[in-house]
Amino acid sequence: MHAPRRTRTLLTALAVTAALAATTGVATADSTPAPAASAAAKHSGDGAKALCRRVPKLDRRIDRALKRLDAGAGTRGSISRLEKRVDNAKKAGHTEIATYLQDRLDFRKSLRNNLEKRHKDLAAVKTWCAANGDGKAAG
């Protein structure tokens, strides 16, 4: 009795895989470990070189976000626009909407503080990169 072609193909593939796994297991058990440790050592740095390369882009991105947050009530994403929306919701008596928008406003204010801290930290990184050859000496 013949098995369907699909089943035969599957069984053949499983047999080949099992045979390869068995021979590979024996071969690796007998051989010495590959020099993977040296490859891992190449990637064990702190990423200073890559970070130094990204500093200008990160700085522009943070500046853009802070500029939007600090913009006037006519700018989408600004804190003052969201404050105005919270006030309007409270005046209209929409307490659920006002609560939701207030939570967003609180987050947005904390985001501004977080971005300002990152901006200061990035300035220190920029100074470090300039003093250390853009991180090339570090790794």
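Conventions adopted
Residues numbered from 1 in each chain as written. Predicted model: local features only at pLDDT ≥ 70, side-chain atom pairs only at ≥ 80, totals over all residues. Heavy atoms only, no water. Patch = residues over 30% accessible without salt bridge, like charges linked within 9 Å, V, L, I, M, F, W, Y side chains within 5 Å. Areas by Shrake-Rupley, 256 points an atom, 1.4 Å probe, with all protein chains shown as cover. Salt bridge = Lys/Arg side-chain N within 4 Å of Asp/Glu carboxyl O. Lys, Arg positive; Asp, Glu negative; His and termini not counted. Charge placed at Lys NZ, Arg CZ, Asp CG, Glu CD. Helix = DSSP H or I, 4+ residues; strand = E, 2+ residues; numbered from the N terminus. Buried < 20%, exposed > 50% of the residue type's maximum accessible area, 1.4 Å probe, protein only. Contact = heavy atoms within 4.5 Å.

Under an unreviewed UniProt entry, the name given to the chain is Secreted protein, and the organism recorded is Streptomyces naganishii JCM 4654.

## Some words on a positive patch on the surface
Together, Arg54, Lys57, Arg60, Arg61, Arg64, Arg68, Arg76, Arg81, Lys84, Arg85 and Arg104 give the surface a local cluster of positive charge. By the secondary structure assignment, Arg68 is in helix H3 (residues 48-69).

## Some points on the side chain of Asp59
Of note, Asp59 is situated in helix H3. Although buried, Asp59 forms no salt bridge, and the nearest oppositely charged side chain, Lys126, lies 4.3 Å from it. Not counting chain neighbours up to four residues away, the residues in contact with Asp59 comprise His119, Leu122 and Lys126.

## Notes on the pattern of salt bridges
Under the criterion given, the structure shown has three salt bridges. Residue Lys109 is joined to Glu83 by a salt bridge in which the shortest nitrogen-to-oxygen separation is 3.5 Å. In this pair, Lys109 is assigned in helix H5 (residues 95-131) and Glu83 in helix H4 (residues 79-92), connecting sequence segments 26 residues apart. Across the salt bridge formed by Lys117 and Asp121, the nearest N and O atoms sit 3.2 Å from each other. Within this pair, Lys117 and its partner Asp121 are both found in helix H5, separated by four residues, close to a single helical turn.

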